[in-house]
Amino acid sequence: MSSRRDFIKSTALLAAGSLILPGAININTIGKPKVIIIGAGFAGLAAAYRLKQKGCEVTLLESRNRIGGRVFSHLLDKDEDLVIELGAEWVGASHERMIALCKDFGLELMNNQFDSHLTFAGQYYPKGGWDYSNEWKTKFAKIIGDYGNYTLEDKQKLDKMDWWRFLTNKGISERDLQIRELLDSTDFGESIRHVSAYAALAEYAESSERNEMDFKIKGGNSRLSDKFAEKIGMNSILLKHKVVEVQQLDGTVTVKCDNGMTFSGDNLICTVPTYALSKINWKPGLPEEKIDAVNSLQYARISKHALLFNERFWNEEAFDMVTDVYGHYFYHATKNQPGKKGALISYTIGDKADVISRQNDEFKKNMVSDSLKPAFGDIKDKIVNQVNYYWGADENTKGAYALYGKGQWFTIMPVLKKKFLSTYFAGEHLADWQGFMEGAIITGEEAADEIAG
Ligand SMILES: Cc1cc2nc3c(=O)[nH]c(=O)nc-3n(C[C@H](O)[C@H](O)[C@H](O)COP(=O)(O)OP(=O)(O)OC[C@H]3O[C@@H](n4cnc5c(N)ncnc54)[C@H](O)[C@@H]3O)c2cc1C
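Residues numbered from 1 in each chain as written. Predicted model: local features only at pLDDT ≥ 70, side-chain atom pairs only at ≥ 80, totals over all residues. Heavy atoms only, no water.

Enquirer: How would you explain the sheet that holds strand E22 (residues 423–425) if you had to name every residue and give the values?
Expert: Pairing is parallel across the open sheet formed by 5 strands, whose spatial order is E9-E2-E1-E13-E22. Across the chains shown, the open sheet's two edge strands, defined by having one partner strand only, are strand E9 (237–238) and E22. Pairing of strand E2 (residues 57–61) with E9, which is carried by 2 bridges, proceeds in the parallel orientation. When the sheet's bridge partners are listed, Leu60 is paired in E9 with Ile237. Here helix H2 (residues 42–53) sits on the sheet and contacts strand E1 (34–38), E2, E9 and strand E13 (267–270); the angle it forms with E2, its principal contact strand, is near 165°. (Pairing = 2+ DSSP bridges. Helix = DSSP H or I, 4+ residues; strand = E, 2+ residues; numbered from the N terminus. Contact = heavy atoms within 4.5 Å. Axes fitted to C-alpha atoms, helices over the stretch in contact; angles between N-to-C directions.)

Written out as structure tokens, the structure reads:
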């Protein structure tokens, strides 16, 4: 397994080898494979765009009535044109394909970095007023530095352990560990007791300084989906077409949708999350090792609870706050969007997310208000609207993104990636930049390159 950076270097070379000019679409489809793609998230859209550029005929089938999948911008306030993200939020400074595509499509990336406040054990600490212990900071800097010398064997060994155990073995103090749990579980979507130590260390050692929480697309991340669709052509993208069956026979793939429509092609790119994959009737059936891998992989439970307030009482554009109570992680979701009103998102994970998702609006208001009280006093009356999206209940994913647990990165992922007859697989869960839009795009482009050269 290459490191994330090595991987990106090699895919960049691959792309350079096939030399495609940004925006150029080749309309000569004669002799080119006809490709069907399942899923119009970033993996499917990136694959379709790349294939269209190479002159292939593409049909993109999407079960929802919108494109973008887990990239889901939402207009929270029409009067002040305030847009928030119910799915993917941050574009990382190391996310080269995302940045390049935004540049090609003329989309502006706005700074989306935050200065973290903390509420811990009932006590509020403003930004700059809290930190890890000096002892742990020194130890952690060494851990990150040492990662550069890890062999493949070291990484595979590390993968057998969870991140909580790894930190504990390294002698982290109880307070440092509790704060790391709060911060890191926000990244992975579940307690760090469930996360592979390799997946975690690789992410922190190879990330930008702010852990890829750097930018956001002006107007909402869904604008990138819209640009993809514009280039691909909406006539090639069919919404409300849920694929229920895939038949592969004599080099032809035929897919059947729940509305009775069928489509045939030379190749298929399947970009759906594993839960959705398991609901498709595969003929012939998927190999047993792939079924086992699908059944082994969990997805993180994340709830995004957006609150519109009548004023921005937090008084800082770059406000965010980690708490050890129900609201978990709060951030200013309308950063760089002028207006009197403003939004915070409460980003909860795991059991907290699951519990909150089932409660009524009054409970949610109280939950948020109680979480913010140590820092701001009673703010309940300032809430004018709230919107909740719980990804743990999403009908396609049943989670926000894949959660590689102990021993799964080097065993499960390669199996899930494996081509099956004329079908290639892509999506966030198969990426070195796993859990990111960047990863979804790279896997989609890779699958397209494998098919069309
Ligand atoms: C709460 C949350 C926060 C996140 N935060 C970030 C972040 O800050 N930064 C970042 O880079 N990434 C983040 N991500 C991850 C990012 O959203 C994903 O990595 C990426 O969008 C996944 O793209 P994909 O194409 O692999 O999958 P998806 O976007 O899930 O696309 C798959 C598509 O397939 C469709 N589909 C499923 N089954 C079928 C079927 N049978 N037939 C037809 N269509 C089907 C689905 O409707 C969906 O549109 C976040 C995700 C969530 C949920």
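Moving on, there is more to tell.
Enquirer: Describe in detail empty space enclosed by the protein, supporting the description with residues and values.
Expert: Scanning the entire structure with this criterion turns up 2 cavities of 30 Å³ or more. Here the largest cavity is characterised by a volume of approximately 60 Å³. When the residues that make up the lining of the largest cavity are grouped by side-chain class, the tally is 7 nonpolar, 2 polar and no charged. (1 Å grid on protein atoms, 1.4 Å probe; cavity = no way out; pocket = protein on both sides within 12 Å on 5 of 7 lines; lining within 4 Å. Points joined across faces, edges and corners; volume = space filled by probe spheres on them. Nonpolar A, V, L, I, M, F, W, Y, C, P; charged D, E, K, R; others polar.)

Enquirer: So what's going on with the sheet that holds strand E19 (residues 342–349)? Which residues, and what values?
Expert: Overall, mixed pairing links the 7 strands, which are arranged E7-E6-E17-E18-E19-E16-E20 in an open sheet. Every other strand in the sheet has two partners, leaving strand E7 (123–125) and strand E20 (383–390) as the edge strands with one partner each. Within the sheet, the average angular offset between the axes of one strand and its neighbour, ignoring direction, is 20°. Pairing of strand E16 (residues 302–309) with E20 involves 7 bridges; the strand directions are antiparallel. When the bridges of E20 are listed, Ser303 appears paired with Tyr390. In the packing of helix H12 (residues 350–357) onto the sheet, contacts are made with E16, E19 and E20, and the angle to E19 comes to roughly 120°.

Enquirer: Tell me about the site of the ligand, residues and numbers included.
Expert: Close to the ligand lie 37 residues; Glu62, Arg70, Trp90, Glu428 and Met437 are nearest. The backbone of Val243 places a nitrogen or oxygen atom 2.9 Å from a nitrogen atom of the ligand. One of the backbone nitrogen or oxygen atoms of Gly435 is found 3.4 Å away from a nitrogen atom of the ligand. Elements with a contribution of two residues or more to the shell around the ligand: H2 and helix H15 (437–452). Per-class residue counts for the shell around the ligand are 20 nonpolar, 11 polar and 6 charged. (Near = heavy atom within 4 Å. Polar contact = N/O pair within 3.5 Å; in protein donor to acceptor, adjacent residues only side chain to side chain.)

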